[in-house]
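Survey of secondary and tertiary structure
Residues per chain are reported as follows:
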Amino acid sequence: MNTESGKPLIEVVDLEKDYPTGAGVFQALRGVSLSIAAGEFVAIMGASGSGKSTFMNLLGCLDRPTRGSYHLDGKDVSKMSSDQLAALRNREIGFVFQGFNLLPKLTALDNVALPLMYAGMGREARRQQAQATLDRVGLGERSHHTPLQLSGGQQQRVAIARALATRPRIIFADEPTGNLDSETSRQVMGFFSQLNREEAITLVLVTHEADIADYARRRIRFQDGRVVEDVTTEADAT
Amino acid sequence: MIIASLFETAWHALTTHRMRSFLTMLGMMIGVAAVILMLAIGQGAQAMVRGAIESMGSNLFIIMSGATTSGGARVAMGSAPTLTFADADAIRDLPDIVAAAPMLPGSAQLIYAGLNWSTSVFGSTPDYVIVRNWLMASGGFFSEADVRSGARVAVIGQVVARELFGDEDPIGKIIRIRQAPFEVIGVLAAKGQSLDGRDQDDLVVVPISSAQQKIFSSSLRNRARFIMAQAVSEKSMDAAESAINELLRNRHRIGVGQDDDFTVRNLTAIAETAASTTRVMSLLLGAIAAISLVVGGIGIMNIMLVSVTERTREIGIRMAIGARRRDVLWQFLIEALTLSLIGCAIGLALGIGGAWLVERLAGLPVAVTPASVLMAVGVSFLIGVFFGFYPARRAAGLDPIDALRSQ
Ligand SMILES: Nc1ncnc2c1ncn2[C@@H]1O[C@H](COP(=O)(O)OP(=O)(O)O)[C@@H](O)[C@H]1O
Ligand SMILES: [Mg+2]
């Protein structure tokens, strides 16, 4: 939303992530520098084990880098407390995971209302907002179903509604269609494109499938913890 | 705002695992029930002892005929009493003594209108009602003149009145005590059980002279089996005791080095000992029960730790969507608290119900006091916080990404 300000929404410089393993450290990211402007739709591609998820978790403030800097909306994330990061994840960022990560005992409505609870919203207000968000993803009728009573595609839509509930500026999706059949994948991707186009929500999506990546205007390819390709197509793929 | 929602979350978590929640609470329930029940029994006993002490009369001495042996006070019941009415009068005249009643105890069959009743008979003087702090329910007590003249008048206790007269007014009626006719002139107020568990209202009191001559037909005139004496105040008990000792040694001409032929016992001190024994007993009962409360708390901690481990992924998801560490901490703390407080509530119900049953079935006096209920609730709360804190802190300390990756 501050595309015009010139400052990128996401800016990482020389980002590195080491994982301790039995035989010393494993370098999952070996110096990644890139920036993403507000409103972009980016696909992150690469072979399994190339560091996509690691990168995504860093961008999503779920994890901290070993070295390098990360500025989100101009602010240095490494200087933030865990409470500030939690607030950031709550208000600015929405996550969509491959495995949906819904709470199985809660209804769709309660799952979607959960981030609103941590945002400090009252019970009635958050139920209304959660219901409205479920309506947006076309699951208004299923709000009282639990995840187990929903199909994979429906569960992923609930997860998207949960990511959208607090009206974040960025959505990170790690292989969101990985567990879905191709028809459902197309629906989910269509919805993502629409969000990006109509609401200017910044979308960063990890996938290893080329046809899914085609929905994005920009494609970044990872290999062994480095960016090896970063291309932007101006023409809309859909 | 979040805290209120977390109670809802806790409630939801606990109701989706009903059986586990119930088993987790079980220890707490049993602990609280045990504490309530034990305190109820202990306090009931204390209340009974306190009542018995109050009914006994205050600042009381009992001076018995007979020597003190090395094994403590032993009264040779077979031998002739060494105390006299004059001894009682002399004791009463001591400055620290309010009243002194010579006593001649025995038992006898009472007969009235074809009904008979075996009871304790006490020969005494009007000082008896003073030392025992005993009030009259109806009529009056006999006088010094009655004692001097050996009048055939009797004052009866509530039990005797009930057994012999039922609804009839006993005043003015003639009863036979071991065949000797006595006129009932008064009925004593109810006192209930004594410290040794006897019913104090099951008695008849007559002038000591009449008891000696008309009932026990004793050849020993003017002798008392024991004397009951009341001191002016609790503070003067020690002075009064030595004064009585000195007085009686003088009156009985007991030389230095000779054994006393009487024994002075401070009944109030003995009663206080009984009271503190009961206090210690009830404290002990409470302490044992409190241990089970702590064990209940440890049970909660165990299950909460298991629950945190099992729900690591849930914690990760919550953190990913914006739960702060303190939100997670509160979530688990509130769960532990809810468990312990619900366990406490059920335990309270069980404990109070159990106390009622004990009173009903075992006939023990029980007293569930607001203080013990408050204490049980307070302790459960503290236990919930104390044993809930460690698992909750564990949950809150999880790394979001590690938690998300688990399983
Ligand atoms: N917690 C971890 N500990 C050790 N190694 C890890 C950990 N997470 C990921 N890795 C390793 O880092 C590399 C990159 O992982 P990841 O970012 O998940 O790859 P991708 O998502 O591209 O498949 C992999 O080789 C993986 O084995
Ligand atoms: Mg991955």
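Cut-offs used in this document
Residues numbered from 1 in each chain as written. Chains lettered and ligands numbered in written order. Predicted model: local features only at pLDDT ≥ 70, side-chain atom pairs only at ≥ 80, totals over all residues. Heavy atoms only, no water. Helix = DSSP H or I, 4+ residues; strand = E, 2+ residues; numbered from the N terminus. Rg over C-alpha atoms; globule rule 2.2 N^0.38 Å. Buried < 20%, exposed > 50% of the residue type's maximum accessible area, 1.4 Å probe, protein only. Areas by Shrake-Rupley, 256 points an atom, 1.4 Å probe, with all protein chains shown as cover. Salt bridge = Lys/Arg side-chain N within 4 Å of Asp/Glu carboxyl O. Axes fitted to C-alpha atoms, helices over the stretch in contact; angles between N-to-C directions. Parallel < 35°, antiparallel > 145°, perpendicular 65-115°, else oblique. Left-handed = near helix turned anticlockwise from the far one by under 90°. Contact = heavy atoms within 4.5 Å. Phe/Tyr/Trp six-rings, centres within 6.5 Å; stacked < 30°, edge-to-face > 60°. Lys NZ or Arg CZ within 6 Å of the ring centre and 35° of its normal. Buried area = accessible area lost by both parts, 1.4 Å probe. Pairing = 2+ DSSP bridges. Right-handed = clockwise from strand over helix to strand, strands pointing away. Near = heavy atom within 4 Å. Polar contact = N/O pair within 3.5 Å; in protein donor to acceptor, adjacent residues only side chain to side chain. Patch = residues over 30% accessible without salt bridge, like charges linked within 9 Å, V, L, I, M, F, W, Y side chains within 5 Å. Lys, Arg positive; Asp, Glu negative; His and termini not counted. Domains from an automatic or database assignment. Core = buried A, V, L, I, M, F, W, Y, C linked by side-chain atoms within 4.5 Å. Expected span 1.5 Å × (residues − 1). pLDDT = per-residue confidence, 0-100.

Moving on, we come to the overall build of chain A. Secondary structure assignment for chain A yields seven helices and 10 strands. In terms of overall dimensions, chain A is globule-like: its C-alpha atoms have a radius of gyration of 18 Å, near the 18 Å expected for 238 residues. Taking all 238 residues of chain A together, 54% fall into the buried category. When the accessible surface of chain A is split by element, carbon and sulfur atoms take 47% of a total near 10,100 Å².

Residue and element names in this part refer to chain A. Throughout the structure, instances matching the rule amount to 29 salt bridges over all chains. Of the charged contacts in the structure, one is a salt bridge between Asp-18 and Arg-67, with a shortest N-O distance of 2.8 Å. Taken together, the residues span a long stretch of sequence, with Asp-18 in strand β1 (residues 10-21) and Arg-67 in strand β4 (residues 67-72) at a distance of 49 residues. Overall, Asp-18 belongs to the buried group, its relative accessible area being 15%.

Further remarks concern the packing of helix α2 (residues 18-56) of chain B against helix α12 (residues 370-396) of chain B. For any two helices packed against each other, one specifies the crossing angle of their axes together with the interaxial distance. All names here are of chain B. Between α2 and α12, the shortest axis-to-axis distance is 10 Å and the interhelical angle comes to 150 degrees. Looking at the two axes, α2 sits roughly antiparallel to α12. Crossing of α2 over α12 shows right-handed handedness. Every residue of α12 that contacts α2 at Met-28, Val-32, Val-35, Ile-36, Leu-39 and Gln-43 is listed here: Ser-372, Val-373, Met-375, Ala-376, Ser-380 and Ile-383.

Here the structure, examined in full by the defined rule, presents eight aromatic pairs over all chains. On the numbers, 6.2 Å between centres and 45 degrees between planes, the contact of B:Tyr128 with B:Trp134 is tilted. You'll find B:Tyr128 and B:Trp134 in the same group, each marked buried. Taking 5.0 Å as the distance between ring centres and 85 degrees as the angle between the ring planes, the aromatic pair formed by B:Phe386 and B:Phe387 counts as edge-to-face. Taken together through their ring pairs, the aromatic side chains of A:Phe95, A:Phe97 and A:Phe172 make up a single cluster. Positioned above the aromatic ring of B:Trp134 is the side chain of B:Lys191, whose terminal nitrogen or guanidinium carbon lies 5.2 Å from the ring centre.

In this complex, chain B contributes 28 residues to the contact, which on the side of chain A involves 26 residues. At the boundary of chain B with chain A, total buried surface from both sides reaches about 2,300 Å², with 58% on carbon and sulfur atoms. It is B:Ile317, B:Ile321 and B:Ile401 in chain B that bury the most area against chain A; as a group they hold 24% of the surface buried on that side. One can count two salt bridges joining chain B with chain A. Across the pair B:Arg326 and A:Asp83 runs a salt bridge whose closest N-O atoms are separated by 2.5 Å.

What follows deals with the pairing of strand β7 (residues 170-174) of chain A. Residue and element names in this part refer to chain A. The buried count for β7 comes to five of five residues, which makes it a mostly enclosed element. A two-sided burial pattern is seen for β7, the buried positions comprising Ile-170, Phe-172 and Asp-174 on one face and Ile-171 and Ala-173 on the other. Note that strand β6 (residues 93-96) and β7 share four bridges and pair parallel. Residue pairing in the sheet places Ile-93 in a bridge with Ile-170 of β7. A crossover connection joins β7 to the parallel strand β8 (residues 202-206) through helix α6 (residues 182-199); in handedness this β-α-β unit is right-handed.

What follows deals with the site of ligand 1. Around ligand 1 sit A:Tyr19, A:Phe26, A:Ala28, A:Ala47, A:Ser48, A:Gly49, A:Ser50, A:Gly51, A:Lys52, A:Ser53, A:Thr54 and B:Arg405, and those are all the residues in its vicinity. Surrounding ligand 1 are residues belonging to chains A and B, so the site spans chains. A:Ser50 is positioned such that a nitrogen or oxygen atom in its backbone is 3.3 Å from an oxygen atom of ligand 1. Between A:Gly51 and ligand 1, the recorded distance is 3.1 Å, taken from a backbone N or O atom to an oxygen atom. Contact with the protein chains covers 67% of the free accessible surface of ligand 1, which is 560 Å².

Moving on: the sheet that holds β1(A). Residues and elements named next belong to chain A. Reading across the sheet, the four strands line up as β2-β1-β4-β5 and stay open at both edges, with antiparallel pairing between neighbours. Two strands close off the open sheet at either side, each with one partner strand: β2 (24-36) and β5 (75-76). Of the pairings in the sheet, the one linking β4 to β5 comprises two bridges and is antiparallel in character. Within β5, the residue paired with Leu-72 across the bridge is Lys-75. Contacting β1, β2 and β4, helix α1 (residues 52-59) crosses the sheet at an angle of about 120 degrees to β1.

This next bit is on a nonpolar patch on the surface. Residues and elements named next belong to chain B. A cluster of nonpolar side chains, Leu-341, Val-377, Phe-381 and Leu-382, forms an exposed patch at the surface whose accessible area comes to about 320 Å². By residue number, the principal contributor to the nonpolar patch is α12, which donates three residues. Its relative accessible area of 31% is what places Leu-341 among the partly exposed residues.

Residues and elements named next belong to chain B. Of note, Asp-201 is situated in the loop between β10 (180-188) and β11 (203-207). Although buried, Asp-201 forms no salt bridge, and the nearest oppositely charged side chain, Arg-162, lies 7.2 Å from it. In terms of polar contacts, Asp-201 uses its side chain to reach the backbone amide nitrogen of Gly-192, at 3.1 Å.

Here the focus is the domain arrangement of chain B. Taken domain by domain, chain B consists of domain 1 (3-52 + 282-405) and domain 2 (102-224). Taking only C-alpha atoms, the centre of domain 1 of chain B and the centre of domain 2 of chain B are 57 Å apart.

Its location among the elements puts B:Arg251 in helix α8 (residues 237-251). Residues B:Arg251 and B:Asp87, spaced 164 residues apart in sequence, show a C-alpha to C-alpha distance of 7.7 Å.

Let us look at the nonpolar core. One recurring pattern in soluble globular proteins is that nonpolar side chains are buried together. Formed by 76 residues in total, the largest nonpolar core has its most connected members in A:Ile10, A:Phe55, A:Tyr70 and A:Phe172. Examining the composition of this core, we find that nine residues originate from one element, helix α11 (residues 325-362) of chain B, more than from any other. Excluding residues within four positions of it along the chain, A:Phe55 makes contact with A:Val12, A:Leu15, A:Leu29, A:Val32, A:Leu34, A:Ile44 and A:Phe222. Of all hydrophobic cores here, the second largest spans 38 residues; its members include A:Val96, A:Leu150, A:Val158 and A:Ala216.

Before going further, it helps to examine α6(A). Residue and element names in this part refer to chain A. Between its terminal C-alpha atoms α6 stretches 25 Å, which fits the 26 Å expected from 18 residues at 1.5 Å a residue. Where α6 begins, the side chain of Asp-181 points an oxygen toward the backbone nitrogen of Glu-183, at a separation of 3.2 Å. After α6 finishes, the residue Ala-200 shows a positive phi value of roughly 55 degrees.

Here the focus is the confidence of the model for chain B. Residue and element names in this part refer to chain B. On average, residues of chain B score 88 in pLDDT, and 96% of them reach the 70 mark or higher. Here residues 70-78 is modelled with pLDDT under 50, and outside its nearest four sequence neighbours on either side it reaches eight contacts, counting other chains as well. With a pTM of 0.76, the predicted complex shows an ipTM of 0.94.

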